[in-house]
Amino acid sequence: MDKILITGASGFIGSYIVEEGLNKGMEVWAAMRKTSSKSFLADERIHFIQLDLSDQTNLESQLREHQFDYVVHAAGVTKCLKVEDFHKVNTVGTQNLVRALLATQKSLRRFVYISSLSVYGAIREQQPYTEIQENDNPRPNTAYGKSKLEAERFLDGLSAEGVDFPYVILRPTGVYGPRERDYFMMAKSIKQHVDFAVGYRRQDITFVYVSDVVQAVYLAVDHGEKGRKYFLSDGEVYQSRAFSDYLKHELGDKWLLRIKAPIWVLRMVTFCGEYWGRMTKKVTALNNDKYHILRQRNWRCDIAPAIKELGYHPQVKLEEGVRRAVAWYKENKWL
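Residues numbered from 1 in each chain as written. Predicted model: local features only at pLDDT ≥ 70, side-chain atom pairs only at ≥ 80, totals over all residues. Heavy atoms only, no water.

A. Expanded view of the overall build of the protein. Helix and strand content of the protein: 11 helices and 13 strands. Against the compact-globule benchmark of 20 Å for 335 residues, the protein has a radius of gyration of 20 Å, which places it among compact chains. Summarising its shape, the C-alpha atoms of the protein cover approximately 60 × 45 × 40 Å along the three principal directions. Here the protein holds 335 residues, and 50% of them are scored as buried. A separation threshold of at least 6 residues defines the contact pool for the protein, and within that pool the share at least 24 residues apart is 78%. Roughly 16100 Å² of accessible area belongs to the protein as shown, and the carbon and sulfur atoms make up 51% of that amount. (Helix = DSSP H or I, 4+ residues; strand = E, 2+ residues; numbered from the N terminus. Rg over C-alpha atoms; globule rule 2.2 N^0.38 Å. Buried < 20%, exposed > 50% of the residue type's maximum accessible area, 1.4 Å probe, protein only. Contact = heavy atoms within 4.5 Å. Areas by Shrake-Rupley, 256 points an atom, 1.4 Å probe, with all protein chains shown as cover.)

Written out as C-alpha coordinates, the structure is:
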(Lines give C-alpha, C1' and ligand atoms only; values in the text may rest on other atoms or scores of the structure.)
Protein backbone atom coordinates (compact mmCIF):
# COMPACT_ATOMS: atom_id res chain seq x y z
CA MET A 1 0.00 0.00 0.00
CA ASP A 2 1.41 3.38 -1.03
CA LYS A 3 2.08 5.72 1.88
CA ILE A 4 1.36 9.42 1.41
CA LEU A 5 2.05 12.41 3.67
CA ILE A 6 -0.14 15.50 3.29
CA THR A 7 0.83 18.74 5.00
CA GLY A 8 -1.83 21.34 5.72
CA ALA A 9 -4.25 18.42 6.00
CA SER A 10 -6.71 20.28 8.21
CA GLY A 11 -7.05 23.10 5.71
CA PHE A 12 -9.59 23.64 2.94
CA ILE A 13 -7.64 22.02 0.09
CA GLY A 14 -5.63 19.65 2.28
CA SER A 15 -8.69 17.99 3.78
CA TYR A 16 -9.96 17.07 0.30
CA ILE A 17 -6.55 15.71 -0.68
CA VAL A 18 -6.72 13.48 2.40
CA GLU A 19 -10.16 12.19 1.43
CA GLU A 20 -9.07 11.33 -2.10
CA GLY A 21 -5.99 9.52 -0.84
CA LEU A 22 -8.24 7.31 1.27
CA ASN A 23 -10.54 6.75 -1.72
CA LYS A 24 -7.51 5.54 -3.67
CA GLY A 25 -6.64 3.00 -1.00
CA MET A 26 -3.50 4.76 0.21
CA GLU A 27 -2.12 4.83 3.71
CA VAL A 28 -2.76 8.50 4.44
CA TRP A 29 -0.80 10.50 6.98
CA ALA A 30 -2.24 13.92 7.80
CA ALA A 31 0.36 16.41 9.00
CA MET A 32 -0.97 19.25 11.10
CA ARG A 33 -0.24 21.49 14.05
CA LYS A 34 -1.26 20.54 17.57
CA THR A 35 -3.89 23.30 17.61
CA SER A 36 -5.41 22.50 14.21
CA SER A 37 -9.00 21.36 13.95
CA LYS A 38 -9.83 17.81 12.89
CA SER A 39 -13.43 18.69 11.99
CA PHE A 40 -12.95 17.62 8.36
CA LEU A 41 -10.68 14.69 9.21
CA ALA A 42 -13.02 12.31 11.01
CA ASP A 43 -12.26 9.15 9.03
CA GLU A 44 -10.73 6.57 11.36
CA ARG A 45 -8.35 5.40 8.64
CA ILE A 46 -6.38 8.65 8.81
CA HIS A 47 -3.01 8.58 10.54
CA PHE A 48 -2.01 11.84 12.21
CA ILE A 49 1.46 13.30 12.61
CA GLN A 50 2.55 16.63 14.10
CA LEU A 51 5.25 18.36 12.11
CA ASP A 52 7.17 21.47 13.11
CA LEU A 53 7.88 23.16 9.79
CA SER A 54 9.76 25.97 11.55
CA ASP A 55 12.65 23.70 12.57
CA GLN A 56 14.51 21.35 10.23
CA THR A 57 16.12 19.38 13.07
CA ASN A 58 12.76 18.70 14.71
CA LEU A 59 11.31 17.72 11.34
CA GLU A 60 14.05 15.19 10.76
CA SER A 61 13.36 13.65 14.14
CA GLN A 62 9.61 13.53 13.47
CA LEU A 63 10.01 12.03 9.99
CA ARG A 64 12.84 9.58 10.57
CA GLU A 65 10.65 6.70 11.72
CA HIS A 66 8.56 6.87 8.54
CA GLN A 67 9.20 6.17 4.88
CA PHE A 68 6.75 7.87 2.51
CA ASP A 69 6.21 7.13 -1.15
CA TYR A 70 4.64 10.54 -1.79
CA VAL A 71 4.42 13.93 -0.09
CA VAL A 72 1.89 16.64 -0.96
CA HIS A 73 2.85 19.97 0.57
CA ALA A 74 -0.38 21.95 0.94
CA ALA A 75 0.53 23.73 4.19
CA GLY A 76 0.91 27.48 4.09
CA VAL A 77 -0.66 30.81 4.94
CA THR A 78 -2.65 33.12 2.67
CA LYS A 79 -2.96 35.99 5.18
CA CYS A 80 -0.80 37.05 8.11
CA LEU A 81 -0.56 39.78 10.73
CA LYS A 82 3.10 40.36 9.90
CA VAL A 83 4.43 40.47 6.34
CA GLU A 84 7.55 38.54 7.33
CA ASP A 85 5.40 35.58 8.42
CA PHE A 86 4.62 34.78 4.78
CA HIS A 87 8.33 34.15 4.23
CA LYS A 88 8.74 32.22 7.49
CA VAL A 89 5.85 29.86 6.81
CA ASN A 90 5.58 29.55 3.03
CA THR A 91 9.25 29.82 2.09
CA VAL A 92 11.33 28.74 5.07
CA GLY A 93 8.74 26.12 6.07
CA THR A 94 9.02 24.56 2.62
CA GLN A 95 12.82 24.67 2.72
CA ASN A 96 12.88 22.99 6.12
CA LEU A 97 10.47 20.27 5.02
CA VAL A 98 12.38 19.48 1.85
CA ARG A 99 15.74 19.41 3.62
CA ALA A 100 14.28 17.08 6.23
CA LEU A 101 12.82 14.82 3.55
CA LEU A 102 16.17 14.66 1.79
CA ALA A 103 17.80 13.62 5.06
CA THR A 104 15.24 10.97 6.03
CA GLN A 105 13.32 9.66 3.01
CA LYS A 106 15.27 7.24 0.86
CA SER A 107 12.52 6.15 -1.51
CA LEU A 108 10.38 9.25 -2.06
CA ARG A 109 8.82 9.00 -5.51
CA ARG A 110 7.08 12.37 -5.81
CA PHE A 111 6.81 15.67 -3.93
CA VAL A 112 3.87 17.83 -5.04
CA TYR A 113 4.00 21.46 -4.01
CA ILE A 114 0.80 23.53 -4.02
CA SER A 115 1.90 26.97 -5.17
CA SER A 116 -0.32 29.66 -6.73
CA LEU A 117 -0.97 31.68 -9.87
CA SER A 118 -0.18 34.66 -7.60
CA VAL A 119 3.54 34.04 -8.15
CA TYR A 120 3.13 35.96 -11.43
CA GLY A 121 1.40 39.07 -10.15
CA ALA A 122 -0.19 41.67 -12.42
CA ILE A 123 1.21 40.88 -15.87
CA ARG A 124 -0.27 40.87 -19.39
CA GLU A 125 -2.66 43.60 -18.27
CA GLN A 126 -2.90 45.39 -21.59
CA GLN A 127 -6.23 44.71 -23.28
CA PRO A 128 -7.08 42.42 -24.89
CA TYR A 129 -5.79 40.24 -22.08
CA THR A 130 -3.87 37.09 -22.97
CA GLU A 131 -3.08 33.98 -20.96
CA ILE A 132 -0.19 34.02 -18.52
CA GLN A 133 2.39 31.51 -19.74
CA GLU A 134 4.87 29.48 -17.73
CA ASN A 135 7.81 31.15 -19.48
CA ASP A 136 6.62 34.65 -18.50
CA ASN A 137 8.74 36.51 -15.99
CA PRO A 138 7.05 36.32 -12.56
CA ARG A 139 6.51 39.67 -10.86
CA PRO A 140 4.52 38.92 -7.70
CA ASN A 141 2.82 41.96 -6.24
CA THR A 142 1.80 40.41 -2.91
CA ALA A 143 3.79 39.14 0.06
CA TYR A 144 1.97 35.84 -0.37
CA GLY A 145 2.96 35.54 -4.04
CA LYS A 146 6.57 36.46 -3.29
CA SER A 147 6.83 33.82 -0.58
CA LYS A 148 5.43 31.14 -2.89
CA LEU A 149 7.80 32.14 -5.69
CA GLU A 150 10.77 31.99 -3.31
CA ALA A 151 9.74 28.45 -2.35
CA GLU A 152 9.49 27.49 -6.04
CA ARG A 153 12.94 28.91 -6.72
CA PHE A 154 14.36 26.98 -3.81
CA LEU A 155 13.03 23.76 -5.36
CA ASP A 156 14.39 24.75 -8.77
CA GLY A 157 17.80 25.46 -7.22
CA LEU A 158 18.25 21.99 -5.78
CA SER A 159 19.57 20.60 -9.05
CA ALA A 160 22.33 23.23 -9.03
CA GLU A 161 23.40 21.73 -5.70
CA GLY A 162 23.56 18.31 -7.31
CA VAL A 163 20.38 17.20 -5.53
CA ASP A 164 17.96 14.94 -7.37
CA PHE A 165 14.54 15.72 -5.89
CA PRO A 166 11.30 14.54 -7.58
CA TYR A 167 9.16 17.66 -7.21
CA VAL A 168 6.18 18.87 -9.24
CA ILE A 169 4.62 22.32 -8.74
CA LEU A 170 0.92 23.14 -9.17
CA ARG A 171 -0.22 26.75 -9.56
CA PRO A 172 -3.99 26.96 -9.10
CA THR A 173 -5.90 30.16 -9.66
CA GLY A 174 -8.71 31.07 -7.22
CA VAL A 175 -9.78 27.84 -5.50
CA TYR A 176 -13.33 27.66 -4.15
CA GLY A 177 -15.86 25.11 -2.96
CA PRO A 178 -17.40 23.73 0.23
CA ARG A 179 -15.39 24.51 3.42
CA GLU A 180 -13.67 27.52 1.80
CA ARG A 181 -13.88 30.72 3.86
CA ASP A 182 -12.61 33.66 1.77
CA TYR A 183 -15.05 33.34 -1.14
CA PHE A 184 -17.64 32.48 1.50
CA MET A 185 -17.39 36.12 2.63
CA MET A 186 -18.85 37.11 -0.74
CA ALA A 187 -21.69 34.64 -0.25
CA LYS A 188 -22.47 36.26 3.10
CA SER A 189 -22.43 39.70 1.50
CA ILE A 190 -24.80 38.60 -1.27
CA LYS A 191 -27.04 37.05 1.37
CA GLN A 192 -27.20 40.52 2.91
CA HIS A 193 -28.15 41.96 -0.51
CA VAL A 194 -24.83 43.75 -1.15
CA ASP A 195 -22.37 43.12 -3.98
CA PHE A 196 -19.25 45.24 -3.64
CA ALA A 197 -16.81 45.45 -6.55
CA VAL A 198 -13.86 47.72 -7.31
CA GLY A 199 -12.30 49.15 -10.42
CA TYR A 200 -13.92 50.26 -13.65
CA ARG A 201 -11.52 48.57 -16.06
CA ARG A 202 -12.45 45.15 -17.43
CA GLN A 203 -11.41 42.27 -15.18
CA ASP A 204 -10.97 38.71 -16.44
CA ILE A 205 -11.15 36.18 -13.61
CA THR A 206 -10.44 32.47 -13.47
CA PHE A 207 -11.49 29.88 -10.90
CA VAL A 208 -10.88 26.23 -10.12
CA TYR A 209 -13.16 24.03 -8.04
CA VAL A 210 -11.44 22.21 -5.20
CA SER A 211 -12.08 18.71 -6.56
CA ASP A 212 -10.29 19.64 -9.78
CA VAL A 213 -7.24 20.76 -7.81
CA VAL A 214 -7.32 17.39 -6.05
CA GLN A 215 -7.60 15.66 -9.44
CA ALA A 216 -4.42 17.45 -10.56
CA VAL A 217 -2.61 16.57 -7.32
CA TYR A 218 -3.05 12.84 -7.84
CA LEU A 219 -2.24 13.04 -11.53
CA ALA A 220 1.02 14.75 -10.52
CA VAL A 221 1.59 12.12 -7.82
CA ASP A 222 1.13 9.36 -10.39
CA HIS A 223 3.10 10.65 -13.36
CA GLY A 224 4.04 14.31 -12.96
CA GLU A 225 7.37 15.07 -14.63
CA LYS A 226 10.10 16.11 -12.21
CA GLY A 227 10.61 19.87 -12.12
CA ARG A 228 7.47 20.77 -14.10
CA LYS A 229 5.03 23.49 -13.13
CA TYR A 230 1.36 23.55 -14.09
CA PHE A 231 -1.34 26.22 -13.98
CA LEU A 232 -4.77 25.05 -12.89
CA SER A 233 -8.15 26.59 -13.69
CA ASP A 234 -11.50 25.28 -14.93
CA GLY A 235 -10.52 26.32 -18.45
CA GLU A 236 -12.99 29.21 -18.64
CA VAL A 237 -12.67 32.98 -18.23
CA TYR A 238 -15.30 34.96 -16.33
CA GLN A 239 -16.17 38.60 -15.91
CA SER A 240 -15.94 40.16 -12.48
CA ARG A 241 -19.64 39.88 -11.58
CA ALA A 242 -20.15 36.26 -12.70
CA PHE A 243 -19.42 34.83 -9.24
CA SER A 244 -21.87 37.19 -7.52
CA ASP A 245 -24.54 36.51 -10.17
CA TYR A 246 -24.32 32.76 -9.57
CA LEU A 247 -24.38 33.31 -5.81
CA LYS A 248 -27.44 35.52 -6.11
CA HIS A 249 -29.24 32.86 -8.14
CA GLU A 250 -28.41 30.03 -5.73
CA LEU A 251 -29.34 32.08 -2.67
CA GLY A 252 -32.66 33.01 -4.25
CA ASP A 253 -32.37 36.70 -3.45
CA LYS A 254 -34.85 38.92 -5.27
CA TRP A 255 -32.82 42.11 -5.10
CA LEU A 256 -29.18 43.09 -4.82
CA LEU A 257 -27.48 46.44 -4.27
CA ARG A 258 -24.46 46.52 -6.57
CA ILE A 259 -21.73 48.94 -5.50
CA LYS A 260 -18.78 49.53 -7.80
CA ALA A 261 -16.12 51.74 -6.24
CA PRO A 262 -12.89 53.20 -7.64
CA ILE A 263 -9.58 51.56 -6.74
CA TRP A 264 -8.67 54.30 -4.25
CA VAL A 265 -11.66 53.35 -2.10
CA LEU A 266 -10.37 49.77 -1.94
CA ARG A 267 -6.96 51.15 -0.95
CA MET A 268 -8.52 52.99 1.99
CA VAL A 269 -10.58 49.97 3.09
CA THR A 270 -7.66 47.55 3.01
CA PHE A 271 -5.34 50.05 4.69
CA CYS A 272 -7.80 50.39 7.56
CA GLY A 273 -8.28 46.62 7.64
CA GLU A 274 -4.54 46.05 7.84
CA TYR A 275 -4.22 48.60 10.68
CA TRP A 276 -7.19 47.13 12.54
CA GLY A 277 -5.77 43.63 12.25
CA ARG A 278 -2.49 44.73 13.78
CA MET A 279 -4.27 46.59 16.57
CA THR A 280 -6.53 43.66 17.48
CA LYS A 281 -3.96 40.98 16.60
CA LYS A 282 -6.60 39.25 14.47
CA VAL A 283 -5.92 38.25 10.88
CA THR A 284 -8.32 39.95 8.47
CA ALA A 285 -9.05 39.27 4.81
CA LEU A 286 -9.10 43.03 4.17
CA ASN A 287 -5.36 43.63 4.07
CA ASN A 288 -2.66 45.02 1.80
CA ASP A 289 -2.28 41.76 -0.08
CA LYS A 290 -6.02 41.68 -0.75
CA TYR A 291 -5.77 45.17 -2.28
CA HIS A 292 -3.26 44.01 -4.89
CA ILE A 293 -5.24 40.84 -5.59
CA LEU A 294 -8.54 42.67 -6.14
CA ARG A 295 -7.04 45.39 -8.30
CA GLN A 296 -5.39 42.87 -10.64
CA ARG A 297 -7.27 42.77 -13.92
CA ASN A 298 -5.95 39.68 -15.71
CA TRP A 299 -6.16 36.20 -14.17
CA ARG A 300 -6.07 34.21 -17.39
CA CYS A 301 -3.60 31.33 -17.43
CA ASP A 302 -2.57 28.58 -19.83
CA ILE A 303 -3.63 25.13 -18.60
CA ALA A 304 -2.75 23.35 -21.87
CA PRO A 305 0.46 21.80 -20.42
CA ALA A 306 -1.53 20.31 -17.51
CA ILE A 307 -4.05 18.87 -19.96
CA LYS A 308 -1.40 17.47 -22.30
CA GLU A 309 1.17 16.22 -19.80
CA LEU A 310 -0.89 15.31 -16.74
CA GLY A 311 -4.14 14.38 -18.44
CA TYR A 312 -5.88 17.04 -16.37
CA HIS A 313 -9.49 17.68 -17.38
CA PRO A 314 -11.44 20.08 -15.15
CA GLN A 315 -14.89 18.72 -14.42
CA VAL A 316 -16.65 21.54 -12.57
CA LYS A 317 -17.42 24.93 -14.13
CA LEU A 318 -18.23 27.97 -12.03
CA GLU A 319 -22.04 27.78 -12.14
CA GLU A 320 -22.08 24.17 -10.93
CA GLY A 321 -19.30 24.79 -8.41
CA VAL A 322 -21.17 27.70 -6.84
CA ARG A 323 -24.31 25.56 -6.67
CA ARG A 324 -22.45 22.84 -4.79
CA ALA A 325 -20.71 25.30 -2.47
CA VAL A 326 -23.89 27.17 -1.53
CA ALA A 327 -25.73 23.90 -0.92
CA TRP A 328 -22.95 22.86 1.47
CA TYR A 329 -22.94 26.24 3.24
CA LYS A 330 -26.67 25.95 3.79
CA GLU A 331 -26.55 22.33 4.90
CA ASN A 332 -23.81 23.11 7.42
CA LYS A 333 -25.54 26.26 8.71
CA TRP A 334 -22.87 28.64 7.44
CA LEU A 335 -25.59 30.55 5.61
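Let's pick the thread back up.
B. Structural detail: the sheet that holds strand 1 (residues 3–7). One open sheet accounts for seven strands, arranged 3-2-1-4-5-6-11; its pairing is parallel. Across the chains shown, the open sheet's two edge strands, defined by having one partner strand only, are strand 3 (47–50) and strand 11 (229–232). When the angles between neighbouring strand axes are averaged without regard to direction, this sheet yields 20 degrees. Relative to strand 6 (residues 167–172), strand 5 (residues 110–114) is paired through four bridges, and the arrangement is parallel. Considered in strand 6, the bridge of Val-112 is made with Val-168. Packed on one face of the sheet, helix 3 (residues 84–104) meets strand 1, strand 4 (70–73) and strand 5 and runs near 175 degrees to strand 5. Across the sheet, helix 4 (residues 143–157) touches strand 5, strand 6 and strand 11, and the angle it forms with strand 5 is around 160 degrees. (Pairing = 2+ DSSP bridges. Axes fitted to C-alpha atoms, helices over the stretch in contact; angles between N-to-C directions.)

C. Spatial organisation of the packing of helix 2 (residues 56–63) against helix 3. Direction vectors running N to C along helix 2 and helix 3 enclose 45 degrees, while the axes themselves pass 9 Å from each other. Between helix 2 and helix 3, the interaxial angle falls into the category oblique. In this structure, helix 2 meets helix 3 at a crossing whose hand is right-handed. Contacts between helix 2 and helix 3 involve Gln-56, Leu-59, Glu-60 and Leu-63 from the former and Asn-96, Leu-97, Arg-99, Ala-100, Leu-101, Ala-103 and Thr-104 from the latter. When its residues are assigned to classes, the contact of helix 2 with helix 3 shows six nonpolar, three polar and two charged. (Parallel < 35°, antiparallel > 145°, perpendicular 65-115°, else oblique. Left-handed = near helix turned anticlockwise from the far one by under 90°. Nonpolar A, V, L, I, M, F, W, Y, C, P; charged D, E, K, R; others polar.)

D. Region of the structure containing the nonpolar core. Formed by 67 residues in total, the largest nonpolar core has its most connected members in Ile-6, Val-18, Val-72, Leu-170, Val-217, Tyr-218 and Tyr-312. When sequence neighbours within four positions are dropped, the list of residues in contact with Val-217 reads Ile-17, Val-72, Val-112, Ile-114 and Leu-170. The next biggest cluster of nonpolar side chains, apart from the first, holds 25 residues, and it includes Val-98, Leu-108, Leu-155 and Leu-158. (Core = buried A, V, L, I, M, F, W, Y, C linked by side-chain atoms within 4.5 Å.)

E. A look at helix 6 (residues 210–223). The first and last C-alpha atoms of helix 6 sit 20 Å apart over 14 residues, in line with the 20 Å expected at 1.5 Å per residue. Of all 14 residues that make up helix 6, 10 are buried, and the element is covered over most of its length. (Expected span 1.5 Å × (residues − 1).)

F. Region of the structure containing the layout of surface pockets. In this model, the second largest pocket occupies a volume close to 150 Å³. If you go around the second largest pocket, the residues you meet are Asp-2, Glu-20, Lys-24, Met-26, Tyr-70, Ser-211, Val-214, Gln-215, Tyr-218, Leu-219, Val-221 and Asp-222. The element that contributes the greatest number of residues to the lining of the second largest pocket is helix 6, accounting for seven residues. Taken together, the residues of the lining of the second largest pocket sort by class into six nonpolar, two polar and four charged. (1 Å grid on protein atoms, 1.4 Å probe; cavity = no way out; pocket = protein on both sides within 12 Å on 5 of 7 lines; lining within 4 Å. Points joined across faces, edges and corners; volume = space filled by probe spheres on them.)

G. Looking closely at the side chain of Thr-173. Within the secondary structure, Thr-173 is located in the loop between strand 6 and strand 7 (174–176). A distance of 2.8 Å separates the side chain of Thr-173 from the side chain of Thr-206, its partner in a polar contact. Excluding residues that lie within four positions of it along the chain, Thr-173 makes contacts with Leu-117, Thr-206, Phe-207, Val-208, Leu-232, Ser-233 and Trp-299. (Polar contact = N/O pair within 3.5 Å; in protein donor to acceptor, adjacent residues only side chain to side chain.)

H. Inspection of a nonpolar patch on the surface at higher detail. Together, Phe-196, Trp-255, Leu-257 and Ile-259 make up a nonpolar patch on the protein surface, roughly 400 Å² of accessible area in all. Along the chain, Phe-196 turns up in strand 8 (residues 194–198). (Patch = residues over 30% accessible without salt bridge, like charges linked within 9 Å, V, L, I, M, F, W, Y side chains within 5 Å. Salt bridge = Lys/Arg side-chain N within 4 Å of Asp/Glu carboxyl O.)

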